[in-house]
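The lines below spell out each chain.
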Amino acid sequence: MERAPLLALAVAVGICCCFRTTPDDTWREGHTQHYDATVMATTTAPSRVFETTLRLDDGRALLATLRNPPPAPGARIVVRGRITPFDAPRNPGEPDQRIIEHERGLDGTLSGALILKVLPQTQVSPQILLAQLRASALQRLRKTIEEPYATILAGELWGERSALPLPLRQEFQDSGTVHVLVTAGLHLGIVAWLAVILTGWLQLPRLLACAIAGTIVWTYAVFSGLHLPAMRAATMITFALTARACGAKALSWNALGAAAIVTLLYDPQSIRSASFAMSFSCVGSIFLTAPLIKPALEKLAMLPTVVTEALTLSIATQVGVWPVMATTFLLFAPYSILANAAVVPLVGATMILGALQILLVNLPVVAHAIANLNGLLLQFMVAAVQGAATLPFAHVVMTPPPSWAIGAYDGALIAGACLIRRGALTAACALVLIAGFAVIWPPRIADARLKITILDVGQADAIVLQTPGGHAILIDAGGRLERGPQIAGDSMAERVGETIVAPFLIRSGVHHLHAIVLSHPHGDHAGGIAPVLRLLRADEFADSGQRYGGYAYKDALAVAHEQNVPIIFPRVGTVWRTDDGVWLTFLGPSLPLITASRNDINNNSIVFMLQYKSFRML
């Protein structure tokens, strides 16, 4: 391996940033007020509300869920609402939502947002013009191609994916191909490749050609919104083009290290983001393993060059990023290599055809002919994603590996590459497999104590009992009180279970529940039950047995019946005992159930006494 002093320096800078960087938290939640703002982007969510990005006059970018339709991007409005910063981690192991949203360029949310009036347009800025340009481009796509393909194209071209149906978005995630919907390294790499081909075809001097290619790359990054992933990719490509212009090797470890240093100096906070780790792990893995993978594929099968290149890129990428993806998405996608090999080669073609659809929309015959061809490619892409996501064991729930396990895996990759170059293939494969197994199933210290975690779910409760023998019991699962109709697949009550309760259980090493106890069926207690059951299942479901029409409660019962989970109705005097000495003695409800009180549902809640040795908890 070539010497890489700049990469070593980047590692040192990154370590310093890890210890010294904390998210900016200089402003707090405020009261409901009126704000002058500019609409930057908008989409209709599955729940038929309007999710809109607003930029206030003081520069803050907020995500607002509006109760009335917003005007087109670029419009000036007066909006009423309460500014809320994104949450810091509230529960053990939880990711920092502030850092995640910072990557998207957002500073907080505007709760209860209501547009009061539209103001005259008195100012035009580059940001407004770009927002209007992206909105116009999306409209042009929708004139020539149907959904969800228009939104997939918008995701490829500038990272727009908020209107993508939730099941399809989950399938992209489960198949390990969600990165094609985020404008970053893959997409800017395609643009750079096209720019290099164009300048080469024009036979321009190398220095001028690289300058033009770099300008095209940064112009595209700006059009896509210049979010941090796009900036990182553009910075990497800039260093590669600079090296090429100077006659040096374009793709080198020094170029990667220099890009990391510039990125960290510009935004030290990004070192804590998962996308930073994935970006540099992806490129580093390609540098390290692609030169070894390609000759092996050429020996194994006589494949066309394009297929060999696609498989090489897919395997090299996934070898580097899967531990970080497992940590981020709490799943292992075993078919991601195959899915990416099918999808990634199509991204460049669909991006080019999508751009032509936008440019030629005023020539309907030509635009629709291009859209028909693009539609076939996109249909194949979606079919590949859905096929990979529905294969057996496509979604393997995975507890995040500890940092030392990921570090050991990266070290094993580097050592393995060196061993292969010395002819020790067997030793290299054994080393990488052992390190990979340590990531999937790391050794953990057994905890022979009773552990009770009361989760912060914002409203009501969710309590996790982990017994000394490894049993896990969930009492309630948070949620929201349900007011108005709830949309299947996008219930406000169930979202807490998807984003807080189930991830906490998985991060805690809980992949199956001994029992779920639902104290009563209100949405703020039952909200997370259905998502948790779908993901982790349970041996028993204890219910108070009351009739209630809330969506979250009915969905929880439906999932339990679908999975053949026994539904039981504990009453006064019922006793559960685990094989490791934990007792649950139920104190309520009793029959007949209370009726005609001010709140029958709450008054008939399940209540029990937990006892372990000399410890008791009501």
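Residues numbered from 1 in each chain as written. Predicted model: local features only at pLDDT ≥ 70, side-chain atom pairs only at ≥ 80, totals over all residues. Heavy atoms only, no water.

## Some remarks on the nonpolar core
1) Next: L141, I152, W158, F172 and L188 are the most contacted members of the largest nonpolar core, which has 45 residues in total.
2) Next: Broken down by secondary-structure element, the contributors of at least two residues to this core are α3 (126–144), α4 (149–158), α5 (166–174), α6 (185–201), α7 (206–223), α8 (228–245), α12 (336–359) and α13 (364–389).
3) Next: Setting aside chain neighbours within four positions, we find L141 in contact with A150, L153, A154, L157, W158, G354, Q357 and I358.
4) Next: In this structure, V397, A477, A530 and L557 belong to the second largest nonpolar core, which totals 34 residues. (Core = buried A, V, L, I, M, F, W, Y, C linked by side-chain atoms within 4.5 Å. Buried < 20%, exposed > 50% of the residue type's maximum accessible area, 1.4 Å probe, protein only. Helix = DSSP H or I, 4+ residues; strand = E, 2+ residues; numbered from the N terminus. Contact = heavy atoms within 4.5 Å.)

## Details of the sheet that holds strand β10 (residues 472–475)
1) Next: Sheet architecture is open: 6 strands sit in the order β8-β9-β10-β11-β12-β13, paired in mixed fashion. Because the sheet does not close on itself, it has two edges, and the strands there are β8 (451–454) and β13 (567–568).
2) Next: As defined by bridge partners, strand β9 (residues 463–466) adjoins β10 across 4 bridges and the pair is classed as antiparallel. Within β10, the residue paired with L465 across the bridge is I473. (Pairing = 2+ DSSP bridges.)

## Concerning a nonpolar patch on the surface
1) Next: Taken together, W193, L194, I197, I352, L356 and L359 make up a surface patch of nonpolar side chains, about 560 Å² in accessible area.
2) Next: Accessibility expressed as a relative area gives 41% for I197, which makes it partly exposed. (Patch = residues over 30% accessible without salt bridge, like charges linked within 9 Å, V, L, I, M, F, W, Y side chains within 5 Å. Areas by Shrake-Rupley, 256 points an atom, 1.4 Å probe, with all protein chains shown as cover. Salt bridge = Lys/Arg side-chain N within 4 Å of Asp/Glu carboxyl O.)

## Some points on α5
1) Next: Every buried residue of α5 is accounted for by L168, E171, F172 and D174. Down the axis of α5, the buried side of the element spans an arc of 165 degrees, and every buried residue falls inside it.
2) Next: If you follow the buried residues of α5, they end up packed against α4, β6 (331–332) and α13.
3) Next: The positive-phi residue at the C-terminal boundary of α5 is G176, with phi of around 75 degrees. (Arc of directions from axis to C-beta.)

## Looking at the packing of helix α14 (residues 403–421) against helix α15 (residues 425–440)
1) Next: Contact geometry for α14 and α15: axes closest at 8 Å, N-to-C directions at 170 degrees. Taken together, the axis directions place α14 and α15 in an arrangement best described as roughly antiparallel. Contact residues: α14 offers A405, I406, A408, Y409, A412, L413, A415, G416, L419 and I420, while α15 offers L425, A427, A428, L431, V432, A435, G436, A438 and V439.
2) Next: When its residues are assigned to classes, the contact of α14 with α15 shows 17 nonpolar, 2 polar and no charged. (Axes fitted to C-alpha atoms, helices over the stretch in contact; angles between N-to-C directions. Parallel < 35°, antiparallel > 145°, perpendicular 65-115°, else oblique. Nonpolar A, V, L, I, M, F, W, Y, C, P; charged D, E, K, R; others polar.)

## A few points about the environment of Q611
1) Next: Structurally, Q611 can be placed in strand β16 (residues 607–612).
2) Next: Between the C-alpha atom of Q611 and that of P120, which follows or precedes it by 491 residues, the distance is 66 Å.
3) Next: Those residues in contact with Q611, other than ones at most four positions away along the chain, are G581, V582, W583 and R616.

## Describing the packing of aromatic side chains
1) Next: Applying the stated criterion across every chain, the model contains 7 aromatic pairs.
2) Next: Residues W322 and Y409 carry aromatic rings whose centres are separated by 5.5 Å and whose planes lie at 75 degrees to one another, so their mutual orientation is edge-to-face. Of the two residues, W322 is situated in helix α11 (residues 305–329) and Y409 in helix α14; the sequence distance between them amounts to 87 residues. Across this residue pair, the class does not change: W322 and Y409 are buried.
3) Next: Ring centres of F586 and F608 lie 5.5 Å apart, and the angle between their planes is 55 degrees; this geometry places the pair in the tilted category. Highlighted residues: F586 in strand β15 (residues 582–588) and F608 in strand β16, separated in sequence by 22 residues.
4) Next: When its relative accessible area of 11% is taken as the criterion, F608 is described as buried. (Phe/Tyr/Trp six-rings, centres within 6.5 Å; stacked < 30°, edge-to-face > 60°.)

## Side note on the pattern of salt bridges
1) Next: Within the structure shown, the criterion is met by 10 salt bridges.
2) Next: We note a salt bridge from R76 to D57, for which the minimum N-O separation is 2.6 Å. Here the residue R76 occupies a position in strand β4 (residues 76–85), and D57 occupies one in the loop between β2 (50–56) and β3 (61–66), the gap between them amounting to 19 residues.

## Thoughts on the environment of E171
1) Next: Inspection of the secondary structure assignment puts E171 in helix α5.
2) Next: Separated by 256 residues in the primary sequence, E171 and A427 place their C-alpha atoms 36 Å from one another.
3) Next: With sequence-adjacent residues up to four places away left out, E171 is seen in contact with V385, Q386 and A389.

## Let's talk about α7
1) Next: Over its 18 residues, α7 runs 26 Å from end to end, which matches the ideal 26 Å to within 8%, given 1.5 Å per residue.
2) Next: For α7, the set of buried residues is A209, C210, A213, G214, V217, Y220, A221 and F223.
3) Next: Looking at the buried residues of α7, the elements they touch are α3, α4, α6, α8 and α12.
4) Next: Positive backbone phi, approximately 115 degrees, marks G225, located one or two places after α7. (Expected span 1.5 Å × (residues − 1).)

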